[in-house]
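Chain by chain, the residues:
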Amino acid sequence: MCGIVGVVGNTNATDILIQGLEKLEYRGYDSAGIFVLGGTENHLVKAVGRIAELSAKTAGVEGTTGIGHTRWATHGKPTEDNAHPHRSETGRFVLVHNGVIENYLEIKEEYLAGHHFKGQTDTEIAVHLIGKFAEEDGLSVLEAFKKALHIIRGSYAFALIDSENPDVIYVAKNKSPLLIGLGEGYNMVCSDAMAMIRETNQYMEIHDQELVIVKADSVEVQDYDGNRRERVSYTAELDLSDIGKGTYPYYMLKEIDEQPTVMRKLIQAYTDEAGQVVVDPAIIKAVQDADRIYILAAGTSYHAGFASKKMLEELTDTPVELGISSEWGYGMPLLSKKPLFIFISQSGETADSRQVLVKANEMGIPSLTVTNVPGSTLSREANHTMLLHAGPEIAVASTKAYTAQIAALAFLAKAVGEANGNEKAKAFDLVHELSIVAQSIESTLSEKETIDAKVRDLLETTRNAFYIGRGQDYYVAMEASLKLKEISYIQCEGFAAGELKHGTIALIEEGTPVLALLSDPVLANHTRGNIQEVAARGAKVLTIAEENVAKDTDDIVLTTVHPYLSPISMVVPTQLVAYFATLHRGLDVDKPRNLAKSVTVE
Ligand code: F6R
């Protein structure tokens, strides 16, 4: 969602903030702002829109300390008044915030009578509260901040500045991500290591309900009662080149192209020198001990769970159930006697999934997080973690994380199955099969021009579309349609092909695009029957088929891969379909409207 960056004790504060915000822009991009002090004067600069708009307003803004924010609106429209940083009543205190303060209206009513607010945000109320305690009630800044933290309920990462003191930034967090970055002679705070990687690879974690006093030469961690907490720093294994676009016009295209490499990285990560699959024995045991696996996730990661279900069930002999995190956070269904919760999350920060994990931990349910981000909240708080090794995914539309999630779960399924003596698992040569997948993806990627041409004709102007498929192809259809709608704004449904005739076929009319996925030899003919039904009603059909079921008339033909892994290769042309459709419609592929990469509010 929103992104925070802060720096204390560096004469290039403005540049550091702007460059950091550019790196965080994928988290939210409806407005942004910075507050910089320590120069000849203090500066508060805000702009609606992208960071480029903000950057254009920062000529002459100099100082040594500052905080910045890129916003994804929750309370109040994207306007300059609602953009962060926000100031207290007198303007002395300045605050940026990620998250949602649940009791902000009660706070306003109870403590802030007579205060004047510029916008509608919950954040403005928080900074007024701190200002009131410091200026009206005479508390020190630290005491005022602590008192406010005891009152505020909800999720937050705060970075606070007292404009009378450029030597310190106060931060606190609860449920929203925030890290300290340790520089040479200066320090930083940030919601994502990526924004600081230019300056440092030394980081320090902050836990929920901790307050940190960050100065140029020191970092002091406390709980809300003032007890000091020791914290060691760690080195992040991020590379500056991982987060650049290189020669690509968009991150999404770069990330689509990286998928064969990611498959090979996963092979390296989960095999030993003899080529045997290796997964942490404690994780294998956790699956063996379970009588049912519950996969919890959101969006694309949820779809990756569906695409892995059959493989997990058949190889581990354990039933798999899926849950949408935002549904389960507040209402758990009746669970089996020995459940294992598997959280799938690219970012490892999704608030909806975390909500379920917190509950699972309270209930003593064992958990595994499958994530791309080591050290992320869902990784830290689950019992076990499997990493995706996909490298940073920056485009808002998830591509390589989806394929890596299925591949990582394939390693899990294979390892557990082998340990259990499951015959199918023993016969499943995963390393070989994944290499074929990598080659199949490469050959699809070499067909970009063909896909581009077909998509222009089909999707350049349409308002709606359907993806259809059966079995695994249905699961891919769900993901393919999410990808298309989130970046091209074409209303698209992923449908079980056989289910269309039970109502939804009423929406098919002359020219409606229907994209059909065909990979399963048993099901393909049935799907072809459904294609005839929609074609007879005027649909424009595009078929994507694996070679083993393909006909001469199919539009895009893919190398055949192992059925468990077909969602990985099948999804790639659909990612390209979404990419080219979006380009033809003149839209920003990497930053679709209303979305943010890491969804850290519930
Ligand atoms: C869509 C997309 C989202 C995420 C979802 C969960 O392209 O990226 O649907 O998959 O917000 O995010 P993670 O995987 O970070 O938990």
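All values derive from a computational prediction rather than experimental measurement.

A. How the structure looks around the overall build of the chain. Assigned secondary structure in the chain consists of 19 helices and 25 strands. A compact globule built from 602 residues would reach a C-alpha radius of gyration of about 25 Å, and the chain, at 25 Å, matches this within 12%. Looking at the chain as a whole, 59% of its 602 residues are labelled buried. Long-range pairs, those at least 24 residues apart, make up 71% of the contacts in the chain with a sequence separation of at least 6. On the chain, roughly 22800 Å² of surface is accessible, and the fraction owed to carbon and sulfur atoms is 47%. A distance of 3 Å separates the average location of the 55 positive side-chain charges in the chain from that of its 82 negative side-chain charges.

B. Region of the structure containing the site of the ligand. Every one of the 15 residues lining the ligand counts as a neighbour, but Ser-301, Ser-345, Ser-347, Thr-350 and Glu-486 are closest to it. Ser-345 places a polar side-chain atom, nitrogen or oxygen, 2.6 Å from an oxygen atom of the ligand. When the free accessible area of the ligand is taken as 400 Å², the share hidden by the protein chains comes to 90%. Counting only elements with at least two residues in the shell around the ligand, the list comes to α9 (299-316) and α17 (472-488). Considering only residue class, the shell around the ligand consists of five nonpolar, eight polar and two charged. Both domain 2 (246-428) and domain 3 (445-589) contribute no fewer than three residues apiece to the shell around the ligand.

C. Quick look at the pairing of strand β1 (residues 3-8). The buried fraction of β1 is high, at six of six residues. In β1, alternate side chains face the same way, and those of Gly-3, Val-5 and Val-7 on one face and Ile-4, Gly-6 and Val-8 on the other are all buried. For β1 and strand β4 (residues 65-71), the ladder comprises six bridges, and the chain directions are antiparallel. Bridging across to β4, Val-5 finds its partner in Gly-68. Note that β1 and strand β10 (residues 187-190) share four bridges and pair antiparallel. Each bridged residue has a counterpart across the sheet, and for Gly-6 the counterpart in β10 is Val-189.

D. Broad picture of the sheet that holds strand β20 (residues 384-387). One open sheet holds the five strands; their spatial order is β17-β16-β18-β19-β20, and the pairing between them is parallel. Of all strands in the sheet, those with a lone pairing partner are β17 (320-324) and β20, marking the two edges. Each strand of the sheet is rotated relative to its neighbour by a mean of 20 degrees, with strand direction disregarded. For strand β16 (residues 292-297) and strand β18 (residues 339-345), the ladder comprises five bridges, and the chain directions are parallel. Following the sheet pairing, Tyr-294 is matched in β18 by Phe-341. The strands that helix α13 (residues 400-420) touches are β18, β19 (367-371) and β20; relative to β18, the one it contacts most, it runs at about 150 degrees.

E. Structural detail: the sheet that holds strand β14 (residues 228-229). Read across the sheet, seven strands follow the order β5-β6-β7-β8-β12-β13-β14 without closing on themselves; strand pairing throughout is antiparallel. The strands lining the two open edges of the sheet, one partner per strand, are β5 (86-87) and β14. For strand β6 (residues 93-101) and strand β7 (residues 154-162), the ladder comprises nine bridges, and the chain directions are antiparallel. Following the sheet pairing, Phe-93 is matched in β7 by Asp-162. Where helix α4 (residues 122-136) meets the sheet, it contacts β5, β6 and β7, and its direction lies at approximately 135 degrees from that of β6.

F. Broad picture of the side chain of Arg-231. Turning to its location among the elements, Arg-231 is positioned in the loop between β14 and β15 (234-235). With relative accessibility at 18%, the residue Arg-231 sits in the buried group. For Arg-231, the side chain forms a polar contact with the side chain of His-207, separated by 3.5 Å. A distance of 2.8 Å separates the side chain of Arg-231 from the side chain of Glu-210, its partner in a polar contact.

G. Inspection of the nonpolar core at higher detail. Ranked by internal contacts, the top residues of the largest apolar core, which has 124 residues, are Val-279, Ile-342, Leu-412, Leu-434 and Leu-565. Take this core: its biggest share by element is 13 residues, from α13. Not counting the four nearest positions on each side in its chain, Ile-342 is found in contact with Ile-293, Tyr-294, Ile-295, Leu-296, Leu-368, Val-370, Leu-409 and Leu-412. The next biggest cluster of nonpolar side chains, apart from the first, holds 30 residues, and it includes Leu-112, Phe-133, Leu-142 and Ala-144.

H. The domain arrangement of the chain, seen in detail. Domain annotation of the chain identifies domain 1 (2-241), domain 2 (246-428) and domain 3 (445-589). Of note, the centres of domain 2 and domain 3, computed from C-alpha atoms alone, are 26 Å apart. With 29 residues of domain 2 at the interface, the matching set in domain 3 holds 25 residues. In total, domain 2 and domain 3 occlude about 2400 Å² of area from one another, counting both sides; carbon and sulfur atoms represent 72% of this. Contact with domain 3 buries area across many residues of domain 2, yet Tyr-250, Met-252 and His-303 alone supply 23% of it, more than any other trio. Connecting domain 2 to domain 3 are one salt bridge. We note a salt bridge from Asp-257 to Lys-448, for which the minimum N-O separation is 2.9 Å. For the interface between domain 2 and domain 3, the tally reads eight residue pairs in polar contact (both at pLDDT 80 or more). Here the element with the most residues in the side of domain 2 that touches domain 3 is α9; it accounts for nine residues. Split into classes, the residues belonging to the side of domain 2 that touches domain 3 amount to 18 nonpolar, seven polar and four charged.

I. Looking closely at empty space enclosed by the protein. If you walk through the whole model with that rule in mind, you get one cavity of 30 Å³ or more. What the largest cavity holds in volume is close to 80 Å³. As for the largest cavity, its lining consists of 13 residues, of which Arg-71, Thr-74, His-84, Asp-122 and Thr-123 are closest to the centre. Secondary structure elements with two or more residues in the lining of the largest cavity: β6 and α4. With three residues, the top contributor of residues to the lining of the largest cavity is β6. Residues of the lining of the largest cavity, tallied by class, amount to three nonpolar, eight polar and two charged.

What counts, and at which threshold
Counting of residues starts from 1 at the beginning of each chain's written sequence and follows it residue by residue. Thresholds applied to this predicted model are a pLDDT of at least 70 for local features of residues and 80 or more for the giving and counting of side-chain atom pairs; totals over whole chains, interfaces and linings are not thresholded and use all residues. Heavy atoms throughout the structure, all of them, feed into the side-chain values; hydrogens and water do not. For helices the rule is a DSSP run of H or I covering at least 4 residues; for strands it is a run of E covering at least 2, with both sets numbered from the N terminus onward. What the globule rule says is 2.2 Å times the number of residues to the power 0.38, and the radius of gyration is computed from C-alpha atoms. Residue exposure (1.4 Å probe, protein chains only): buried if accessible area is under 20% of the type maximum, exposed if over 50%, otherwise partly exposed. The contact criterion used throughout is that any non-hydrogen atoms of two residues lie within 4.5 Å. All accessible-area figures derive from a Shrake-Rupley calculation using a 1.4 Å probe, and residue coverage is judged against the displayed protein chains alone. Only four residue types enter the tally: Lys and Arg on the positive side, Asp and Glu on the negative side, with His and both chain ends excluded. For the purpose of locating charges, the reference atoms are NZ of Lys, CZ of Arg, CG of Asp and CD of Glu. Nearness is judged by heavy atoms alone; a residue qualifies as near a molecule or strand once a single heavy atom is within 4 Å of it. Polar contacts, as counted here, are pairs of nitrogen or oxygen atoms within 3.5 Å of one another; within protein the pair requires one atom able to donate a hydrogen and one able to accept it, and residues that are adjacent in sequence qualify only if both atoms are side-chain atoms. In this count, Pro and Cys sit with the nonpolar residues alongside Ala, Val, Leu, Ile, Met, Phe, Trp and Tyr, while Asp, Glu, Lys and Arg are called charged and the others, Gly among them, polar. Delimitation of the domains relies on an automatic or database domain assignment. Should DSSP find at least two bridges between two strands, the strands are regarded as paired. Fitting a line to C-alpha atoms yields each axis, with helices limited to the stretch in contact; the angle taken between N-to-C directions then spans 0 to 180 degrees. The definition of a nonpolar core used throughout is a set of buried Ala, Val, Leu, Ile, Met, Phe, Trp, Tyr and Cys residues joined through side-chain atoms within 4.5 Å. As used here, buried area is the combined drop in accessible area, with a 1.4 Å probe, of two parts when they are placed together. One side-chain nitrogen of Lys or Arg within 4 Å of one carboxyl oxygen of Asp or Glu is enough to make a salt bridge. Here a cavity is any set of points on a 1 Å grid over the protein atoms alone where a 1.4 Å probe fits but cannot get out, and a pocket is any open set with protein on both sides within 12 Å along at least 5 of 7 lines; a residue lines the site when it has an atom within 4 Å of a point. Grid points are joined across faces, edges and corners, and a volume is the space filled by probe spheres set on the points.

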